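A look at the structure
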Amino acid sequence: MKKLLIGVGVQLGSSAVAIIVAALLLPRFSLGFGGFLTAVVIFTIAQSLLAGAVARLASKHVPAFAGLASLVSTLLALIIANLPFGGIRIHGFVTWLLAALVVWVITGLCATLAPKYLLKNVGR
């Protein structure tokens, strides 16, 4: 149970950090304070649900692009989180692509590094 809660916390935390970093790096990516937490939760849920579906579709229909499945699911999750929730606003095609890349890299790093340090002593 502790590992599950830590995993959820890592996902939410890495999504929040990634979205904040993207907003700091990209001038046409803005955050709205009131809806930021909602956008992070929506993004995290969408990313979790889309990652497996996109990976299955890619490996079935276009195996060469299966490795890009998580990047595509990140872009789709950003599109969903950008909808009427008011937490994030992304303007411009290039900003969309760069935002997906930044968020994908940061959440990937967090997903790889955070459990290594956070789960090391859980269960002892």
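The structure reproduced in this document is the subject of the present report. (Residues numbered from 1 in each chain as written. Predicted model: local features only at pLDDT ≥ 70, side-chain atom pairs only at ≥ 80, totals over all residues. Heavy atoms only, no water.)

**Thoughts on the overall build of the protein**
Rules: Segments assigned H or I by DSSP are reported as helices when at least four residues long, segments assigned E as strands when at least two residues long, and all are numbered from the N terminus. Three labels apply to residues, based on accessible area from a 1.4 Å probe with only protein chains included: buried if under 20% of the type maximum, exposed if over 50%, partly exposed otherwise in between. We call two residues in contact when some of their heavy atoms are within 4.5 Å. Values of accessible area rely on a 1.4 Å probe in the Shrake-Rupley scheme; residue burial ignores everything except the protein chains shown.
From N to C terminus, the protein includes 4 helices and 2 strands. Along the chain direction, N to C, the helices and strands of the protein fall in the order α-β-α-α-β-α. Per-residue burial over the protein gives 33% buried out of 124 residues. Put simply, 71% of the contacts in the protein that link residues at least 6 apart link residues at least 24 apart. For the protein, the accessible area works out to roughly 7,500 Å², and carbon and sulfur atoms hold 75% of it.

**Brief notes about the side chain of Ser 14**
Assignment of secondary structure puts Ser 14 in helix H1 (residues 2-25). When its relative accessible area of 6% is taken as the criterion, Ser 14 is described as buried. Residues within four places of Ser 14 in sequence aside, it is in contact with Ile 106, Thr 107 and Cys 110.

**Describing the environment of Arg 56**
Among the secondary structure elements, Arg 56 is positioned in helix H2 (residues 36-61). Look at Arg 56 and you get exposed, because its relative accessible area is 58%. Taking the C-alpha atoms as reference points, Arg 56 and Ala 69, separated by 13 residues in sequence, lie 8.6 Å from one another.

**Considerations on a nonpolar patch on the surface**
What counts, and what does not: For patch detection, residues must exceed 30% relative accessible area and be free of salt bridges, and they are connected within 9 Å for like charges or within 5 Å for nonpolar side chains (Val, Leu, Ile, Met, Phe, Trp, Tyr). The salt bridge criterion pairs a side-chain nitrogen of Lys or Arg with a carboxyl oxygen of Asp or Glu, the two atoms within 4 Å.
Taken together, Phe 93, Val 94, Leu 97, Leu 98, Leu 101, Val 105, Leu 109, Leu 113 and Tyr 117 make up a surface patch of nonpolar side chains, about 880 Å² in accessible area. Here Leu 113 lies in helix H4 (residues 93-118).

**Here's the deal with the environment of Thr 107**
The line we're drawing: For this analysis, a polar contact is any N or O atom pair within 3.5 Å, provided that within protein one partner can donate a hydrogen and the other can accept it, and provided that sequence-adjacent residues contribute only side-chain to side-chain pairs.
With respect to the helices and strands, Thr 107 occurs in helix H4. Thr 107 gets classed as buried once you look at its relative accessible area, which sits at 13%. Here the alpha-carbon distance between Thr 107 and Ile 19, two residues 88 residues apart in the chain, equals 9.3 Å. In contact with Thr 107, not counting residues within four places along its chain, are Ser 14, Ser 15 and Ala 18. Only 2.8 Å separates the side chain of Thr 107 from the backbone oxygen of Val 103, close enough to count as a polar contact.

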